[in-house]
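Each chain is listed here by its residues.
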Amino acid sequence: MKPRNGCARLLAAVAQIGVVACANAQSAPGSAYADFVDTRDPPPYAALTPAQRESYDLGHALLNTQWVAAGTPRAERRDGLGPLFNAASCDACHNEGARGQGLMKDGVAPAPLVIQLQDTRARSAHRVDDGDPVYGHVLNISALPGYTPEGIAWVHYAERSGHYPDGTAWSLRVPSYELRELRYGALSTGSAISPRLAPPLFGVGLLAQVPESALPEAADHPRGRFGWQSASATLEQQTAIAMSREMGLTSRTIAHDDCTDAQPACRSAASGGTPEVSAQFMSALLAFQAFLAVPHSNSNAGDASPLFAEAGCAACHRPQLPVEGVDGITRIAAYSDLSLHDLGAELADRDAAGNIVPSRFRTAPLWGLGHALRRPLTLLHDGRARSIEEAILWHDGEALQARRRFEASSATDRKRLLDWLGTL
């Protein structure tokens, strides 16, 4: 765990749950945003009671906890990792609540760029919970000693150039994926390869408070609000899925790892408890997410929201959503409709044979983009976009007309809009 503000003692005393309050920066009353004075100490969006603060701080410590193999001495209830997994901590993919960092050049997909595996037949029936029959829901790239990782994903980027109507040049990078060192042979021909970059956790607790009445009709897909394809309806479900499939940890929500019948050694591995993530630990992780603020941007770029609306971006990236049950906050500026949209064939997943699999993605909330600009950007569901501009230029399908209006605008207006997006 990373040392900071005395909170490093949390894990040492985790058996006794001796929680000490951390000096997080406070947010303005009635706001989802807060100043992240120390990015290693992400603040809540509201003033917390002592009990809430204790749970929030424990959840933050658990975010940074390195889980270990079942039976590890002095594990202090943090054992049960794997035996197949992608990362040993939540923080490895959601660094202090931030979005995962993808690749800037060709190479092996890192832990935050999860290679999900989905049965295309299930997807055609609008289900997103069926994985590959041999490898399960996620290609696990790490394993405990004595076990073998399932494989790795090699990512190659090809550059594509073009220009705006006014002659200004642009360049995009097109990813392709090759699964190598597959431990159990080839994927099923019906499996979709779905690269998914770990999304940010900022403000997710407020997204959980958006009422059902504000969500789109969902007759043909799960009525969720979390995940790139809205597969999870609650934060607990989303958290439990990540723990099960990416860390090999059981919880009160999902009582099994992502082991298939083709992986008997994985299925018979020792357990760190029933469940391995205790109800108290899960509650603390959920409390941290429930109150985690959205970072204020330090940018002073002018307001270009009229350009945003004129281009048609606000049709899906809704500037306001209602919330219920939150003291002092009735609306949030998440810039999302929490709905699924077809963004075109080029952003769609592909199956093991390279065929396009029709895909729809939840409108990604844009709040916190200014905070993301602190590091090299890897945006969109697979991290291919190196800038906000590139992310816009990849929009197609239902977003085609909005993209074309952006492309047809003047260079000055495009810059104004991009600068303003960096303030969200």
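Computed from a prediction, not measured in an experiment: that's the story for all the values here.

A few words on the overall build of the chain. The helix and strand tally for the chain stands at 12 helices and 15 strands. In the chain, which comprises 424 residues, the proportion classed as buried is 54%. Relative to all contacts within the chain whose residues are 6 or more apart in sequence, the contacts with residues 24 or more apart total 68%. Entry remark: accessible area of the chain is about 17,700 Å², with carbon and sulfur atoms responsible for 53%.

This part covers the pairing of strand S4 (residues 113-119). Counting buried positions over the 7 residues of S4 gives 6, a clear majority of the element. Where S4 and strand S8 (residues 191-197) come together, 7 bridges link them in antiparallel fashion. Paired with Asp 119 across the two strands is Ser 191, which belongs to S8.

Scanning all chains against the criterion turns up 1 disulfide. There is no disulfide at Cys 93, and the cysteine sulfur nearest it, in Cys 90, is 8.5 Å away. Cysteine Cys 316 remains unbridged, with the sulfur of Cys 313 as its closest cysteine sulfur at 9.1 Å.

Another point: the packing of helix H5 (residues 235-247) against helix H7 (residues 279-291). At a closest axis distance of 10 Å, the pairing of H5 and H7 adopts a crossing angle of 120°. One finds that H5 runs oblique with respect to H7. In this structure, the crossing between H5 and H7 has a hand that is right-handed. Contacts from Leu 235, Glu 236, Thr 239, Ala 240 and Met 243 of H5 reach H7 at Met 282, Leu 285, Leu 286, Gln 289 and Ala 290. Here the residues of the contact of H5 with H7 are counted per class, giving 7 nonpolar, 2 polar and 1 charged.

With 13 residues, H5 should cover 18 Å at 1.5 Å per step; its first-to-last C-alpha distance of 17 Å lies within 8% of that length. Along H5, the residues that are buried comprise Leu 235, Thr 239, Ala 240, Ile 241, Met 243, Ser 244, Arg 245, Glu 246 and Met 247. For H5, the secondary structure elements touched by its buried residues are strand S2 (84-85), S4, helix H4 (204-207) and H7. Directly after H5, the chain includes Gly 248, whose backbone phi takes a positive value near 70°.

As a further point, take the pattern of salt bridges. Applying the stated rule across the entire model yields 16 salt bridges. Glu 178 serves as the salt-bridge partner of Arg 180, at 3.2 Å between the closest nitrogen and oxygen. The class of Glu 178 is partly exposed, set by a relative accessible area of 41%. The partner of Glu 407 in a salt bridge is Arg 403, with the nearest N and O atoms 3.3 Å apart.

Let's shift gears to the pairing of S8. Counting buried positions along S8 gives 7 out of 7 residues, so the element sits mostly inside the fold. In S8, alternate side chains face the same way, and those of Ser 191, Ile 193, Pro 195 and Leu 197 on one face and Ala 192, Ser 194 and Arg 196 on the other are all buried. Direction of pairing for S8 relative to strand S13 (residues 349-351): antiparallel, over a ladder of 2 bridges. Among the inter-strand pairings, Ala 192 is bridged to a residue of S13, identified as Asp 351.

Right, let's get into the packing of aromatic side chains. Tallying each qualifying case throughout the model produces 10 aromatic pairs. Taken together, the aromatic side chains of Phe 308, Tyr 335 and Trp 420 make up a single cluster linked through ring pairs. Here Arg 384 stacks its cationic end above the ring of Trp 394, 4.4 Å away from the centre of that ring. Geometry around Tyr 164 places Arg 414 over its ring, the cationic atom sitting 3.7 Å from the centre.

This paragraph deals with the environment of Ala 198. Of note, Ala 198 is situated in the loop between S8 and H4. A relative accessible area of 9% means that Ala 198 is categorised as buried. In this structure the C-alpha to C-alpha distance between Ala 198 and Cys 93, which are 105 residues apart in sequence, comes to 6.0 Å. Not counting the four nearest positions on each side in its chain, Ala 198 is found in contact with Cys 93, His 94, Arg 99, Gly 100 and Pro 112.

What follows deals with the sheet that holds S4. Spatially, the 4 strands line up as an open sheet ordered S4-S8-S13-S14, and their pairing is antiparallel. Each end of this open sheet is capped by a strand with a single partner; those strands are S4 and strand S14 (356-357).

One open sheet accounts for 3 strands, arranged S3-S6-S7; its pairing is antiparallel. The strands lining the two open edges of the sheet, one partner per strand, are strand S3 (107-108) and strand S7 (169-180).

Attention now goes to the confidence of the model for the chain. For the chain, per-residue confidence averages 91 on the pLDDT scale, and residues scoring 70 or more make up 89% of the total. Scored below 50 in pLDDT, residues 1-29 makes 75 contacts in the model with residues more than four places away or belonging to other chains.

A separate point is the nonpolar core. Ranked by internal contacts, the top residues of the largest apolar core, which has 52 residues, are Leu 206, Val 210, Ile 332 and Trp 367. Setting aside anything within four residues of it in sequence, one finds Ile 332 in contact with Leu 206, Leu 207, Val 210, Pro 319, Gln 320, Leu 321, Val 323 and Trp 367. In terms of nonpolar packing, the next biggest core, distinct from the first, is built from 31 residues, Ala 304, Leu 369, Leu 418 and Leu 421 among them.

Counting along an α-helix, one turn takes 3.6 residues, and residues three or four places apart therefore face a common direction. Over its 13 residues, H7 extends 18 Å from the first C-alpha to the last, a length consistent with the 18 Å expected when each residue adds 1.5 Å. Within the sequence span of H7, burial applies to Phe 281, Met 282, Ala 284, Leu 285, Leu 286, Ala 287, Phe 288, Gln 289 and Phe 291. Taken together, the buried residues of H7 touch helix H2 (50-63), H4 and H5.

Further remarks concern the side chain of Ser 336. When you line up the elements, Ser 336 lands in the loop between strand S11 (331-332) and strand S12 (340-342). Looking at Ser 336, the relative accessible area reads 0%, which means it is buried. There is a polar contact of 2.9 Å between the side chain of Ser 336 and the backbone nitrogen of Leu 338.

Rules of the game
- Residues numbered from 1 in each chain as written.
- Predicted model: local features only at pLDDT ≥ 70, side-chain atom pairs only at ≥ 80, totals over all residues.
- Heavy atoms only, no water.
- Helix = DSSP H or I, 4+ residues; strand = E, 2+ residues; numbered from the N terminus.
- Buried < 20%, exposed > 50% of the residue type's maximum accessible area, 1.4 Å probe, protein only.
- Contact = heavy atoms within 4.5 Å.
- Areas by Shrake-Rupley, 256 points an atom, 1.4 Å probe, with all protein chains shown as cover.
- Pairing = 2+ DSSP bridges.
- Disulfide = S-S within 2.5 Å.
- Axes fitted to C-alpha atoms, helices over the stretch in contact; angles between N-to-C directions.
- Parallel < 35°, antiparallel > 145°, perpendicular 65-115°, else oblique.
- Left-handed = near helix turned anticlockwise from the far one by under 90°.
- Nonpolar A, V, L, I, M, F, W, Y, C, P; charged D, E, K, R; others polar.
- Expected span 1.5 Å × (residues − 1).
- Salt bridge = Lys/Arg side-chain N within 4 Å of Asp/Glu carboxyl O.
- Phe/Tyr/Trp six-rings, centres within 6.5 Å; stacked < 30°, edge-to-face > 60°.
- Lys NZ or Arg CZ within 6 Å of the ring centre and 35° of its normal.
- pLDDT = per-residue confidence, 0-100.
- Core = buried A, V, L, I, M, F, W, Y, C linked by side-chain atoms within 4.5 Å.
- Polar contact = N/O pair within 3.5 Å; in protein donor to acceptor, adjacent residues only side chain to side chain.

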